[in-house]
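# Chains, contacts and geometry: an overview
Now for the letters of each chain:
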Amino acid sequence: MPADEVCPREDDVLWAPGGRGNLVTGHRRNAATGSALCGLLLSAPNPDATVECTPCCRAWKTERDRRATALARMRARARWWTQRRELKTVQGRAADLNSSDAYTVSGCLDRHHVLTVTHPARGRRLTILAYVPADDEIVELGLHHDRLLAIERPGVPEAGMPALS
């Protein structure tokens, strides 16, 4: 990244790495994993950081741009979802989710439209990138793989359905 290009801070709080050796450089935290976007383990928020970690900044910009392009597609898909003719609703676990599914969680009335699901090599938490129409945003969620959900799955692709990618 060129020296004159700075990552915008917005309202994000930067975090200190584990061991708190360098308190000048802050890192962006991945909410699903709790570690930095660059992979470091984090210990606590570091609001006094004056410099942002370059790998974290680069990863954040890439993710921000990816979400911006996906947001328009997900809005169209969510508007179209209620017009589906062949929609199968099942009670299942989070591990059963696929991209293009929609789900609801007990205690939350909002339908979440799944963009991607990352099944970790180890551990029991899935990272899900989902569009929430009520908030009109794409959010990254961590769900336990055994969490019970009401999953809505399209039977076959229908003509006119907006593609995910």
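So, a few notes on the structure that sits alongside this text. Note that the structure is a prediction, hence the values are computed from the model and not measured.

Its place among the elements puts Leu126 in strand β8 (residues 125–132). For the pair Leu126 and Leu141, spaced 15 residues apart in sequence, the C-alpha to C-alpha distance is 8.0 Å. With residues up to four places along the chain from it excluded, the contact list for Leu126 reads Ala94, Ala95, Thr118, His119, Pro120, Leu141, Gly142, Leu143 and His145.

One open sheet accounts for 6 strands, arranged β5-β10-β6-β7-β8-β9; its pairing is antiparallel. Since the sheet does not close on itself, it has two edges, and those belong to β5 (87–93) and β9 (137–144), each with one partner. Recorded for the sheet is a direction-independent mean angle of 35° between the axes of neighbouring strands. When β5 meets strand β10 (residues 148–154), the two strands line up antiparallel, connected through 7 bridges. Bridge pairing in β10 places Leu87 opposite Pro154.

On to the pairing of strand β7 (residues 108–118). Looking down a regular strand, the side chains alternate between one sheet face and the other. The sheet contact formed by strand β6 (residues 102–105) and β7 spans 3 bridges and is antiparallel. Its bridge partner lying in β7, Val105 is registered against Cys108. Hairpin connection from β6 to β7: 2 residues lie between these consecutive antiparallel strands, with Gly107 at a positive phi of about 90°. Pairing geometry for β7 and β8, over 5 bridges, is antiparallel. Bridged to Val117 within β8 is Ile128.

About the cut-offs
Residues numbered from 1 in each chain as written. Predicted model: local features only at pLDDT ≥ 70, side-chain atom pairs only at ≥ 80, totals over all residues. Heavy atoms only, no water. Helix = DSSP H or I, 4+ residues; strand = E, 2+ residues; numbered from the N terminus. Contact = heavy atoms within 4.5 Å. Pairing = 2+ DSSP bridges. Axes fitted to C-alpha atoms, helices over the stretch in contact; angles between N-to-C directions.

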